[in-house]
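Fold and contact review
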Amino acid sequence: MKRPQSRLTAQGQISVPAEVRRLLGLSPGSVLEWVAEGDQVLVHRVGKHTFLDLHRVLFPDAPEPRTLDELDEGIRRHVRGRHARR
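Scope of this entry: the structure provided in the associated data block. (Residues numbered from 1 in each chain as written. Predicted model: local features only at pLDDT ≥ 70, side-chain atom pairs only at ≥ 80, totals over all residues. Heavy atoms only, no water.)

1. Considering the overall build of the protein chain
When helices and strands are tallied, the protein chain shows three helices and two strands. The linear arrangement of helices and strands in the protein chain, starting from the amino end, is α-β-β-α-α. In terms of overall size, the protein chain is more extended than a compact globule, its C-alpha atoms giving a radius of gyration of 24 Å where 86 residues would be expected to give roughly 12 Å. Judged by the C-alpha coordinates and their principal axes, the protein chain covers about 70 × 25 × 25 Å. Taken over 86 residues, the protein chain has a buried fraction of 1%. In the protein chain, of all internal contacts separated by at least 6 residues, the share reaching a separation of at least 24 is 0%. Split by element, the accessible area of the protein chain, about 8700 Å² in all, is 56% carbon and sulfur. (Helix = DSSP H or I, 4+ residues; strand = E, 2+ residues; numbered from the N terminus. Rg over C-alpha atoms; globule rule 2.2 N^0.38 Å. Buried < 20%, exposed > 50% of the residue type's maximum accessible area, 1.4 Å probe, protein only. Contact = heavy atoms within 4.5 Å. Areas by Shrake-Rupley, 256 points an atom, 1.4 Å probe, with all protein chains shown as cover.)

Rendered as structure tokens:
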């Protein structure tokens with residue numbers, strides 16, 4: 001079986017072969033880490049989770065939808081309370 005290969009462009013860019021992308025579960029925006037060891041370079045994916053995955057864990061319940069007028073009023077109340085003279 002032939003090993004997947006990439007060619008380096010003049011700008012120093014490479015394409016990750018489809019077989020490797022599937023194997024590592026890579027998608028646009030995935031971060032790869034490069035580790036040089038002697039005359040070899042190891043490349044591996046950094047983290048498996050996206051920002052959206054993290055957000056869903058931290059905030060499992062979706063917020064109640066608000067109208068623009070309700071949001072504006074909430075901001076006004078907050079600013080008034082924060083900057084009220086004491």
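2. Overview of the pairing of strand β1 (residues 32-37)
As defined by bridge partners, β1 adjoins strand β2 (residues 40-45) across six bridges and the pair is classed as antiparallel. Bridge pairing in β2 places E33 opposite H44. Two successive antiparallel strands, β1 and β2, enclose a turn made up of two residues, where G38 displays a positive phi of approximately 65°. (Pairing = 2+ DSSP bridges.)

3. Details of the pattern of salt bridges
Applying the stated criterion across every chain, the model contains three salt bridges. Among the salt bridges present, the one from E64 reaches R66, with a minimum N-O distance of 3.7 Å. With a relative accessible area of 48%, R66 lands in the partly exposed category. A single salt-bridge network, built from bridges that share partners, covers E73, R76 and R80. (Salt bridge = Lys/Arg side-chain N within 4 Å of Asp/Glu carboxyl O.)

4. Points about the environment of E33
Tracing the backbone shows E33 in strand β1. E33 sits in the partly exposed class, given a relative accessible area of 36%. Beyond its immediate chain neighbours, meaning those up to four positions away, E33 contacts L42, V43, H44 and V46.

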